[in-house]
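Analysis of the macromolecular model
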Protein chains: 2
Amino acid sequence: MNITRPTLLIDKSKCLENIRFLSDKAQKLGVKLRPHFKTHQSVEVGRWFRKIGTSTCTVSSIKMARYFLDNGWRDITCAFPLNIREIDEINKIASEATFNTIIISPKTLSDLKGKLFASIGAYIKINTGSNRTGLEPDNFDLIEELLQGMKENSNITFKGFLAHSGHTYTARSKEEVETIHAEEMNIMMSLKKRYKEKYPQMEISVGDTPACSISENYNGVDEIRPGNYVYYDIMQYLIGSCNHHQIAIALACPVVAKHEERNEIIVHGGAVHLSKDYVVANNGKYIYGYLVHIKEGGWTAPIEGAYVRGLSQEHGIIKAEPRIFNSIQEGDVIGILPIHSCLTADLMKEVYTLQGEKIEMMR
Amino acid sequence: MNITRPTLLIDKSKCLENIRFLSDKAQKLGVKLRPHFKTHQSVEVGRWFRKIGTSTCTVSSIKMARYFLDNGWRDITCAFPLNIREIDEINKIASEATFNTIIISPKTLSDLKGKLFASIGAYIKINTGSNRTGLEPDNFDLIEELLQGMKENSNITFKGFLAHSGHTYTARSKEEVETIHAEEMNIMMSLKKRYKEKYPQMEISVGDTPACSISENYNGVDEIRPGNYVYYDIMQYLIGSCNHHQIAIALACPVVAKHEERNEIIVHGGAVHLSKDYVVANNGKYIYGYLVHIKEGGWTAPIEGAYVRGLSQEHGIIKAEPRIFNSIQEGDVIGILPIHSCLTADLMKEVYTLQGEKIEMMR
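Residues numbered from 1 in each chain as written. Chains lettered and ligands numbered in written order. Predicted model: local features only at pLDDT ≥ 70, side-chain atom pairs only at ≥ 80, totals over all residues. Heavy atoms only, no water.

Our next topic: the side chain of A:Asp11. All names here are of chain A. Along the chain, Asp11 turns up in the loop between strand 1 (7-10) and helix 1 (12-29). Look at Asp11: it is buried, it has no salt bridge, and the nearest opposite charge is Lys14 at 4.3 Å. At 2.8 Å, the side chain of Asp11 forms a polar contact with the side chain of Ser13. Leaving out residues up to four positions away in the same chain, Asp11 has contacts with Ala248, Gly297, Trp299 and Leu354. (Helix = DSSP H or I, 4+ residues; strand = E, 2+ residues; numbered from the N terminus. Buried < 20%, exposed > 50% of the residue type's maximum accessible area, 1.4 Å probe, protein only. Lys, Arg positive; Asp, Glu negative; His and termini not counted. Salt bridge = Lys/Arg side-chain N within 4 Å of Asp/Glu carboxyl O. Polar contact = N/O pair within 3.5 Å; in protein donor to acceptor, adjacent residues only side chain to side chain. Contact = heavy atoms within 4.5 Å.)

In structure tokens, the structure reads:
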């Protein structure tokens, strides 16, 4: 494959192993797997899930729900609070497929009256500590108000409680992930205990990639929704969710300049390719990607003594020890393992297998 | 205009004023203006420049050069180090239009031998302190080596010295910008003095948006290449490059949830729309956008007491004082002024005028 500009490569065999890993684990744990497709946003990668028996998925927008629905997915959860302004498209989608979403606003429930013409499943999202979105788990007044509102709309079926413990992303050890996940389990099991009798069909849906990768503690959970594990990335590697061999995508970047005074190498590969997400190293340095050598059939382990220290729109700036600096020349292609594969894939909009096959994504 | 999902709005009249402002200023200063089109990446916005007499532009990639060339631009500088792997496309572009780029690597110059079949102009990029890319200004050995290499290739014409003082982006006052720009001027004028006699056609090309917006000190400069000013953004506002009235784009975001316990409002509008770029406020808080009310014919001044405190892939989390919190409801549309308009526009890939006209961008 002739790389001329920043190109997102996928190691399909690693990706298939990642897909298989959580599918097997879910089966072993006895929980349903509804993988989040916001990471890959690709019909083709979706097929790889389908081949091993996955037929339900999670998405993060109505646009993405439409994309996967149009490509054969018939049981979709949009894990994002219902946006009343998209009601027309929601009605269409819900009339064509099994569609679940999140309702956490009495105002939205009220706005839905007379506007929802197809059946949807609704989860109440619970804030388990990430403080992004979701009800406080002890806000029973609001939970009851929502349950009552759902009951009054014949097109809404209460599906259960859903959470995303996104704060596992700030963990830097398996123990931290387990601690956060255990808190989540306590919260969700206490809700299950409280409401299961009245709503016997209700389910508990959780599932961030760190906890799903690391923990075995899913007793009482009905469904998990991890997404990032399809590719993994440096953030997951530093959390302990994966080892570096499991990272399934790398951005191939042409080397365009070298600055010996600063031991820095400039590549074509910047914020519009990788995103501005970073990790902070123990020494306080900001890291925007790890370096690998592209080789026949894949790439090497991360190169020690080199990292992406900065990104502007198109430039990537690599800091490298002299030994590494001297081994890389203008005209070479170097690989960068992304910090956050979801955002990198979203930016690149297409991925190439190591055999040069182009994998389309949602546009 | 019926906003259903995150939508990038442009206030065309503000944009036209921004375009006019620097065009007039360049004329007054007696420097050529070669605006950077990486911010808008749009043929239509390019036409607005052309209408007031601009016929040259700057781009940041060969792909972008092709896009604008195919749409009538015939004098393009790619302000990015020449990537030898793109030589086929560079040959095509340079045979169809006047094409300049940056060469800062003897290795690249050597690789070009026998591979460059059309005439290009080459700038030597100088590091004026941003430490991204460019030669140290006193590295005369390397400068001479490059000049000699250019002379030996009949398809390369040395165009002059080029700089981008991107470190003005970290400034937080006009004085700081002036100081950085004065250093740049010293460096570039000293190079001009040294080489002008031997290369009488050589030019000095500089031009970051902060300095071009603020400074009048361009004596001896031949060309400026600012880009961000076409839209401006919160970063430029905090630097002092513009006032908030001049910010010409805003992301319209549906409000989907409210969390009273945290005084936080959740909108559809996340990292895949705004980018993860942020500014750090005086109190140490990270800010990912300012809030405005969308109104008939545009938007208000930034709302005091509210800001975007975090972004995940699709979620924007707005922290708001109770007064603001209570005034915004689920189902409303709220505007976010982006921190970095270049990255927001790049992510959104289309922009809508306040009259609902869709403006296409490069895909």
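There is more to say after this.
Another aspect to go through is the sheet that holds strand 5 (residues 98-102) of chain B. All names here are of chain B. The strand order across the open sheet formed by eight strands is 2-9-8-7-6-5-4-3, and the pairing between neighbours is parallel. Looking at which strands have only one partner, the edges of the open sheet turn out to be strand 2 (32-33) and strand 3 (57-59). Where strand 4 (residues 75-81) lies against strand 5, five bridges are found, and the strand directions are parallel. Counterpart to Cys78 in the pairing with strand 5 is Thr101. The strands touched by helix 6 (residues 140-151) within the sheet are strand 6 (120-125) and strand 7 (156-162), with strand 6 carrying the most contacts at an inclination of about 175 degrees. (Pairing = 2+ DSSP bridges. Axes fitted to C-alpha atoms, helices over the stretch in contact; angles between N-to-C directions.)

Right, let's get into the relation of the copies chain A and chain B. At an RMSD of 0.0 Å, chain A and chain B line up after a rotation of 180 degrees and a shift of 0.0 Å along the axis. Expressed as a symmetry operation, the mapping of one chain copy onto the other fits a two-fold axis. Taking C-alpha positions as the reference, the residue of chain A nearest the rotation axis is A:Lys276, at 2.8 Å. Looking at chain A, 100% of its interface residues are interface residues in chain B too, so the copies touch through the same face. (Least-squares fit on C-alpha atoms with pLDDT ≥ 70 in both.)

Right, let's talk about the interface of chain A and chain B for a bit. Across the contact, 63 residues belong to chain A and 63 residues belong to chain B. Considering only the surface of chain A that becomes buried against chain B, A:Arg85, A:Arg132 and A:Gln313 emerge as the three largest contributors, covering 15% of it. One can count four salt bridges joining chain A with chain B. Among the ionic pairs, B:Lys276 bridges to A:Asp277, the shortest N-O distance being 3.2 Å. At the boundary of chain A with chain B, the tally comes to 30 residue pairs in polar contact (both at pLDDT 80 or more). (Buried area = accessible area lost by both parts, 1.4 Å probe.)

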